[in-house]
Structures are given as C-alpha cells and as structure tokens.
Amino acid sequence: MTDETPKVGVLAASPAELPIMRQAGLILEKFGIAHEVRVMSSSRNPDLVDEYARTAFERGLKVVICSTGLSGHLAAAVAARTILPVIGVPIATAPQMVGNEALAITAQMPTGVPIATVGVDSSVNAAVLAAQIVATGDPEVAQTMWQFKDDMAEGLKL
C-alpha cells in the first residue's frame, strides 16, 4: 500500500478469513490503489464496525470490501451505515461448506442495504470491481484498468 489516503477498505470478519481477503490487497497494490486491510467483527465489536462504516466516506474511501461468512453480518453492518458501495466476498468458512450458503446470504440483503456480491472466496474479483469503481473518478486508475482489460483480452493473467 502507498502512503496516500486509502481509497478502498478491505475488511475480514475474523483472522481466519484474513488470508483470502489479503488477496484483494495484493490486487489493489498491483493497480496502485491505496487501501487498508483490517479485521473487525460486527458481532464482537459492533461499535468499531459502526464507527468505521460511518466515517469511511469522510476518510476518503470510495468502496469497502467485506468478507461474508455464514452470517453476512460484517458486510450488512457496513452497508447499513455508509453511503459507499460495499462488495461482499462470500467465504466458505468450514471444510464441508462449499460456500453456497454464504453466497446466498450475501446476495439476499434487505431492500435499501445492497451488497455487490462476487463469487465464493473471490476477493480478487472484489478487488477488480473496487478498482473499476475507483476508476470512475480517478483518471490514473482508469488508465490502469483499461490496460488491465486489454491485457485480459490478449490472454494475460493478473
């Protein structure tokens, strides 16, 4: 991450989900987008999550990526308290769980609390989506994203 103000927040609901969510940070670094990665639980520390979500816009964030296990609480709590786009990354939290439950929970938020949802354990796609959102207001990131799209069309991988 650079020293500039973070544009993307990446939140893991638990230390166990952090390795998957760190992948988003690696992609954001590749695109040159300042970001922050934090672990916070809406169940264990709801005041911290509430403060983070309520202040995200004024701190300069443009989008927040949240892990969403079986409860989906973190992404829902953030989405309910910010005007920023929230991207949910459903996490297969147990070996026997393929993630379909987390995917369904993340996609089924109540009216007025939208969470953009990517595939199970796909924090990479969440980071690409976040970069595209940031690119709408940042010409430098837009150029990087156009190059990324061109590279993808030529068969180059991330």
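Here's what I pulled together on the structure shown here. (Residues numbered from 1 in each chain as written. Predicted model: local features only at pLDDT ≥ 70, side-chain atom pairs only at ≥ 80, totals over all residues. Heavy atoms only, no water.)

Once that is clear, we can look at the nonpolar core. Ranked by internal contacts, the top residues of the largest apolar core, which has 28 residues, are V8, F31, I65 and M145. Every element with two or more residues in this core is listed here: β1 (8-12), α1 (18-30), β3 (63-68), β4 (86-90), α5 (123-135) and α6 (139-153). Once you skip the residues sitting within four places of it in the chain, I65 turns out to touch V8, G9, V10, L11, M21, A24, I87, V89, A126, A127 and A130. (Core = buried A, V, L, I, M, F, W, Y, C linked by side-chain atoms within 4.5 Å. Buried < 20%, exposed > 50% of the residue type's maximum accessible area, 1.4 Å probe, protein only. Helix = DSSP H or I, 4+ residues; strand = E, 2+ residues; numbered from the N terminus. Contact = heavy atoms within 4.5 Å.)

Let us now look at the packing of α1 against α5. Remark: α1 packs on α5, axes separated minimally by 7 Å, with the N-to-C direction vectors making an angle of 40 degrees. Classified by the angle between their axes, α1 and α5 sit oblique to one another. Two packed elements cross with a definite hand, and for α1 against α5 that hand is right-handed. On α5, the residues that touch I20, M21, Q23, A24, I27 and L28 of α1 are S123, V124, A127 and V128. Taken together, the residues of the contact of α1 with α5 break down into eight nonpolar, two polar and no charged. (Axes fitted to C-alpha atoms, helices over the stretch in contact; angles between N-to-C directions. Parallel < 35°, antiparallel > 145°, perpendicular 65-115°, else oblique. Left-handed = near helix turned anticlockwise from the far one by under 90°. Nonpolar A, V, L, I, M, F, W, Y, C, P; charged D, E, K, R; others polar.)

If you check α1, its first and last C-alpha atoms are 19 Å apart, about what 13 residues at 1.5 Å a residue would give, namely 18 Å. Listed as buried for α1 are L18, I20, M21, A24, G25, I27 and L28. One or two residues past the end of α1 sits G32, with phi positive at roughly 75 degrees. (Expected span 1.5 Å × (residues − 1).)

Once that is clear, we can look at α5. The first and last C-alpha atoms of α5 sit 18 Å apart over 13 residues, in line with the 18 Å expected at 1.5 Å per residue. Those residues of α5 that sit buried are S123, A126, A127, V128, A130, A131, V134 and A135. Residues of α5 that are buried in the fold lie against β1, α1, β3, β4 and α6.

Limitation: the analysis is restricted to geometry and does not speak to function.
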